[in-house]
Amino acid sequence: MTRFRAEFYGCLTARADATIGLAEAVLCSDVPVCSLVELSLVGEHRRGHGALYAALNRGRPDVGRLRQALSTVPLPRAADGWLVLAVDVTCRLRPDAHTSPERILCHTYGRGKDQHIMIPGWP
């Protein structure tokens, strides 16, 4: 990932520092991203909210170089040759979205010992 981050940074033609900070904030946010202002509060975004807007308005990637960087990232493999992939199975909880389609009860843990709570959302 360090190599890919360096390649991604090299693909950014303008406002590279602010754009990489924005990308890291999106990837490292503990909650679903709902607004740009919230991204500027994530710890990985080490600049002010003005830099966030500047990155979006003026930052541009070199698309050809980015394609090349993505295609050369080695796929992680186990000792037996199988691909090793990470999957996020975190539920997106939406207890207040009464009319949302495909919403089901998601299993979550409460703060107390052995407390299991079912909250509406999407797995």
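These remarks concern the structure in this document. Source: prediction; values computed, not measured.

### Things to note about the sheet that holds strand 2 (residues 104-109)
For step 1, the next point in the chain: Pairing is antiparallel in the open sheet, where 3 strands are placed in the order 1-3-2. This sheet does not close on itself; its edge strands, each paired only once, are strand 1 (92-93) and strand 2.
For step 2, the next point in the chain: Direction of pairing for strand 2 relative to strand 3 (residues 116-122): antiparallel, over a ladder of 6 bridges. Opposite Cys106, over in strand 3, you have Ile119 as the bridge partner.

### What to know about the pattern of salt bridges
For step 1, the next point in the chain: Evaluation of the coordinates by the stated rule reveals 1 salt bridge.
For step 2, the next point in the chain: Across the pair Glu24 and Arg5 runs a salt bridge, and its minimum N-O distance is 2.5 Å. One end of the pair, Glu24, is in helix 2 (residues 16-28); the other, Arg5, is in helix 1 (residues 2-11), with 19 residues separating them in the sequence.
For step 3, the next point in the chain: Since its relative accessible area comes to 39%, Arg5 is described here as partly exposed.

### As for the environment of Ile20
For step 1, the next point in the chain: Positionally, Ile20 belongs in helix 2.
For step 2, the next point in the chain: The sequence separation of Ile20 and Met118 amounts to 98 residues, and the corresponding C-alpha distance is 37 Å.

### Examining the packing of helix 1 against helix 5 (residues 63-71)
For step 1, the next point in the chain: Where helix 1 meets helix 5, the closest approach of the two axes is 9 Å, and the angle between their N-to-C directions is 170°. When the axes of helix 1 and helix 5 are compared, the pair comes out roughly antiparallel. Of helix 5, the residues touching helix 1 (which contributes Phe4, Glu7, Phe8, Gly10 and Cys11) are Arg65, Leu66, Ala69 and Leu70.
For step 2, the next point in the chain: Across the contact of helix 1 with helix 5, the residue classes break down as 6 nonpolar, 1 polar and 2 charged.

Cut-offs and rules
- Residues numbered from 1 in each chain as written.
- Predicted model: local features only at pLDDT ≥ 70, side-chain atom pairs only at ≥ 80, totals over all residues.
- Heavy atoms only, no water.
- Pairing = 2+ DSSP bridges.
- Helix = DSSP H or I, 4+ residues; strand = E, 2+ residues; numbered from the N terminus.
- Salt bridge = Lys/Arg side-chain N within 4 Å of Asp/Glu carboxyl O.
- Buried < 20%, exposed > 50% of the residue type's maximum accessible area, 1.4 Å probe, protein only.
- Axes fitted to C-alpha atoms, helices over the stretch in contact; angles between N-to-C directions.
- Parallel < 35°, antiparallel > 145°, perpendicular 65-115°, else oblique.
- Contact = heavy atoms within 4.5 Å.
- Nonpolar A, V, L, I, M, F, W, Y, C, P; charged D, E, K, R; others polar.

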